[in-house]
Amino acid sequence: MDKKIVDVAKRAGVSAATVSRVLNESSLVSEKTKIKVLKAIEEMDYHPNAAAKHLRSQRTMTLGIIVPDINVSYFSEIIKGIENKAYAHKYKVLICDSDNQIEKEMEYLGLLPDKTVDGMILVTPRVSDDTINDYVQKGYVIGVVGRAVVHENILSCKTDNVKFSNEAVRHLVEQGHQQIAYIGGYSDSLENYERMEGYMKALKEGKIPFLPTLIDNGDFEETGGYQAFSRLLERNQSFTAVYCANDEMALGVYRACRERGIRIPEDMAVVGVDNNRITEYLLPSLSTVEQPKYEMGAHLTEKLIAQMNGNEQSAQKKYVIESKLIKRESSSFKR
């Protein structure tokens, strides 16, 4: 880094990165901090040379990826697809694990105006459509995996949440279940709404009444699934099956059932989503929806790099990849 930038940072009492943001006219720097930095620049008679400005304007050949929790295999497999495709195009990747904190995700988005990355791939439902739209309208490149965003210039790659949820719950209905609970993810995420829509559609097709008391949210986490299932049991509303919006929450249901002596699938059928690697080896093995996670990450990356390089001529921006219901032991008991 330019030694002058470091000297200016010391004089202004800020980080060198903050000085760089001011020089790059980043909107992430407060007006008060900007004034301090500009004053220090003036006092030190610092004039960023043309070469430095030119370097800052060049591509980094790096893509950023924002995920809520890298420990969840759903995200790690998407990352693998992104990384492999990026590497094939001579791009590096910078993985940003937000630990399910929206504040960290917003901070990581700042890597775009800082020119740390050329583009950002979001594998998180928490960043709002409005925020994404704001960044894209300013000229930054963003792609989204696992959801669609209402903006003509934003690339997205996802599966059909309504369709596969409908298929999963219809399977439970065909197994003879008349009281089926739904444990969703983040209450404000679009994919959660879509999966619940598929659940409700299957109930309607099976002429089964919809009961709001059989709905709860587990925030897509194992502990959340455990707590949501426990709350459902406490409502004294009988049910014999539960459809979980992802496998992590289904693991929480397994734990809750084990603690309470509830047998799977004899007493409680369970179906999840994602087909995480562990699901096949659970006892009993978990019925789940196979999401082509690697393919979604790779496909989105291919299209995003083509867009950044001006090689993407197609008007299509929204891509939907087929998923598949895998029936295993957890839903095998016919009632």
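Below: a short report on this structure. What you see is a predicted model; the values in this text were computed from it and never measured.

A few words on the environment of Ser156. Along the polypeptide, Ser156 turns up in strand β5 (residues 155–158). Separated by 138 residues in sequence, Ser156 and Tyr294 place their C-alpha atoms 14 Å apart. With near-sequence residues (within four places) excluded, Ser156 lies in contact with Val144, Arg147, Ala148, Leu300, Lys317, Lys318 and Tyr319.

It is worth spelling out the side chain of Glu105 at this point. Following the sequence through the fold, Glu105 ends up in helix α6 (residues 102–109). Buried within the structure, Glu105 lacks any salt-bridge partner; its nearest side chain of opposite charge belongs to Arg126, at an N-O separation of 5.1 Å. Not counting residues up to four positions away in its chain, the partners in contact with Glu105 are Ile66, Pro68, Ser98, Thr124, Arg126 and Val127.

Attention now moves to helix α11 (residues 247–260). With 14 residues, α11 should cover 20 Å at 1.5 Å per step; its first-to-last C-alpha distance of 20 Å lies within 8% of that length. Most of α11 sits out of view: ten of its 14 residues are buried. Those residues of α11 lying buried are Asp247, Glu248, Met249, Ala250, Leu251, Gly252, Val253, Tyr254, Ala256 and Cys257. Buried residues belonging to α11 abut β6 (180–184), α10 (222–234), β8 (241–244), β9 (269–274) and β10 (287–290). Directly after α11, the chain includes Gly261, whose backbone phi takes a positive value near 70°.

Overall, mixed pairing links the six strands, which are arranged β7-β6-β8-β9-β10-β12 in an open sheet. The two strands at the open ends of the sheet, each matched to only one other strand, are β7 (215–217) and β12 (324–326). Strand-to-strand, the axes of this sheet are offset by a mean angle of 20°, without reference to chain direction. Across three bridges, β8 lies against β9 in parallel orientation. From the neighbouring strand, Val242 faces β9, where its bridge partner is Val270. Its contacts with the sheet put α10 on β6, β7 and β8, and the angle it makes with β7 is roughly 150°. Along the sheet, α11 makes contact with β6, β8, β9 and β10, crossing β9 at roughly 155°.

So, how was this worked out
- Residues numbered from 1 in each chain as written.
- Predicted model: local features only at pLDDT ≥ 70, side-chain atom pairs only at ≥ 80, totals over all residues.
- Heavy atoms only, no water.
- Helix = DSSP H or I, 4+ residues; strand = E, 2+ residues; numbered from the N terminus.
- Contact = heavy atoms within 4.5 Å.
- Buried < 20%, exposed > 50% of the residue type's maximum accessible area, 1.4 Å probe, protein only.
- Lys, Arg positive; Asp, Glu negative; His and termini not counted.
- Salt bridge = Lys/Arg side-chain N within 4 Å of Asp/Glu carboxyl O.
- Expected span 1.5 Å × (residues − 1).
- Pairing = 2+ DSSP bridges.
- Axes fitted to C-alpha atoms, helices over the stretch in contact; angles between N-to-C directions.

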